[in-house]
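Here are the chains, one letter per residue:
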Amino acid sequence: MSQIKKLTAPVAPGGTIGILGGGQLGRMLALAAARLGLKTHVYCHDPKAPAFQVCDHHTVGEFDDLAAVARFAGTCDVVTFEFENVPAATVEHVARSTPISPNAAALRITQDRFEEKGFVDSLGLRTAIFAEVNTEVGARAAVKLVGGSGVMKTRRMGYDGKGQTRVTSADEAASTIKSFNYAPSILEAFVDFSYEASVVAARGTDGSFAAYDPPENIHENHILRRSLVPGRLTEAQATEAKSIARTISQTLDYVGVLAVELFVCRDGTLLVNEIAPRVHNSGHWTLEACAVSQFEQHIRAVAGWPLGDPARHADAVMTNILGEEAADWRVFSKVPGALHLYGKSEMRPGRKMGHFTTLTPLTKARSRQ
Ligand SMILES: Nc1ncnc2c1ncn2[C@@H]1O[C@H](COP(=O)(O)OP(=O)(O)O)[C@@H](O)[C@H]1O
Ligand SMILES: [Mg+2]
């Protein structure tokens, strides 16, 4: 293993945080960094990247152009990413010359659904039953293994429900893996959950840990529509969710914000659906409902600063604005609460264009952890 460059002191105001990826998450990270007096340099292949509009420096480049990535990293005190499909090899390359968080091993595990579920299992945490699928014969066998009904997902590169199909028979499973062009996949048991939730948490360079209250998440067409805090989780479930995030982040020696998506089963059991090694859509409400948002928290963590207080001072409902709905910005601008529009020029169906958050007085203060 080649040498890894470690952060030896906190990045002082005036220093530069590099961000691989220039979507809305990068944009909100850059805004949070600016508030702390830190500069940002964003690296993205898209010349119209939303984060380019609000950062100090930007580079248009591909993640596999390692020479360009190295030049970019050379201008930064520390580098992070806002997108889990940055190749782990790119992160490893940066790590030789510039401190980068989260670490490449954490990224490698979480960008492959099969590796990720195996990792979660190895920690004694629960997931849906799952099986690796590569062939039609394998797909037919996997359906039996998961109980006759499942969701087939490509191991890599899926998001917002892309690269996944519901299957209810061996024939469907076989035709699905064929339609995936035999891309390495997994079949998961279909979970008849009560609802979905997530926990967004941070781990600092000193091993400190801070978790936000877990929201209940409502998806439409596999895309997050709303996050509600508090949701339906009981105090005990909220504590369990935070402890799941703590175990995962400690084991990965993780630095930064991560999110764990959960299925809350009808018997109250929490199953881990997936881990996002980055700030997360279900944590956007923290911008208004917490003194330190998930974006500031991530910047604090990767810059080697102390973590901020994740306590929630209000109840919140965050609603995503998707695709063509952004044309109704005049309506959203009248909604009491906070409106965020991401500066995307093209309104593709289902594309995350913005969100708004409404606050109400705190009803259930939760203990800090
Ligand atoms: N095994 C499953 N059982 C039931 N619903 C599922 C299952 N897997 C995924 N879903 C639904 O699809 C959504 C997206 O799937 P997910 O695995 O989180 O992929 P993505 O990377 O697209 O977010 C989930 O939030 C959930 O609503
Ligand atoms: Mg998901």
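Asks: A description of the packing of helix H1 (residues 24-35) against helix H10 (residues 294-302) should follow, citing residues and the corresponding values.
Replies: Each pair of packed helices gets described by two things: the angle between the helix axes and the distance between those axes. The geometry of H1 relative to H10 is characterised by a closest axis approach of 8 Å and an angle of 70 degrees between their N-to-C directions. With respect to their mutual orientation, H1 and H10 come out roughly perpendicular. Between H1 and H10 lies a crossing whose hand is right-handed. Residues Leu-25, Met-28, Leu-29, Ala-32, Ala-33 and Arg-35 of H1 lie in contact with H10, whose contacting residues are Phe-295, Glu-296, His-298 and Ile-299. Its residues placed into classes, the contact of H1 with H10 shows seven nonpolar, one polar and two charged.

Asks: Provide a residue-level description of the side chain of Asn-85, including the pertinent values.
Replies: Summarising the element assignment, Asn-85 is placed in the loop between strand S4 (78-81) and helix H3 (88-97). Owing to a relative accessible area of 10%, Asn-85 belongs among the buried residues under this scheme. Those residues in contact with Asn-85 that sit more than four places away from it in its chain are Gln-111 and Met-157.

Asks: Kindly report on empty space enclosed by the protein, identifying the contributing residues and their values.
Replies: In this structure the tally under the stated criterion is one cavity of 30 Å³ or more. Roughly 110 Å³ of volume is contained in the largest cavity. Contributing elements (two or more residues each) for the lining of the largest cavity: helix H5 (113-122) and strand S14 (270-276). In terms of residue class, the lining of the largest cavity is made up of two nonpolar, five polar and seven charged.

Asks: Just give me the short version of the pattern of salt bridges, but keep the residues and values in it.
Replies: Under the criterion given, the structure shown has 21 salt bridges. Between Arg-155 and Glu-115 there is a salt bridge; the shortest N-O distance is 3.9 Å. Here the residue Arg-155 occupies a position in the loop between strand S6 (150-154) and strand S7 (164-167), and Glu-115 occupies one in helix H5, the gap between them amounting to 40 residues. Classification of Arg-155 as buried rests on a relative accessible area of 13%. We note a salt bridge from Glu-325 to Arg-225, for which the minimum N-O separation is 2.8 Å. Separated by 100 residues along the polypeptide, Glu-325 in the loop between strand S15 (314-322) and helix H11 (329-332) and Arg-225 in strand S12 (residues 223-229) bring together distant segments of the chain.

What counts, and where the lines are drawn
- Residues numbered from 1 in each chain as written.
- Chains lettered and ligands numbered in written order.
- Predicted model: local features only at pLDDT ≥ 70, side-chain atom pairs only at ≥ 80, totals over all residues.
- Heavy atoms only, no water.
- Axes fitted to C-alpha atoms, helices over the stretch in contact; angles between N-to-C directions.
- Helix = DSSP H or I, 4+ residues; strand = E, 2+ residues; numbered from the N terminus.
- Parallel < 35°, antiparallel > 145°, perpendicular 65-115°, else oblique.
- Left-handed = near helix turned anticlockwise from the far one by under 90°.
- Contact = heavy atoms within 4.5 Å.
- Nonpolar A, V, L, I, M, F, W, Y, C, P; charged D, E, K, R; others polar.
- Buried < 20%, exposed > 50% of the residue type's maximum accessible area, 1.4 Å probe, protein only.
- 1 Å grid on protein atoms, 1.4 Å probe; cavity = no way out; pocket = protein on both sides within 12 Å on 5 of 7 lines; lining within 4 Å.
- Points joined across faces, edges and corners; volume = space filled by probe spheres on them.
- Salt bridge = Lys/Arg side-chain N within 4 Å of Asp/Glu carboxyl O.

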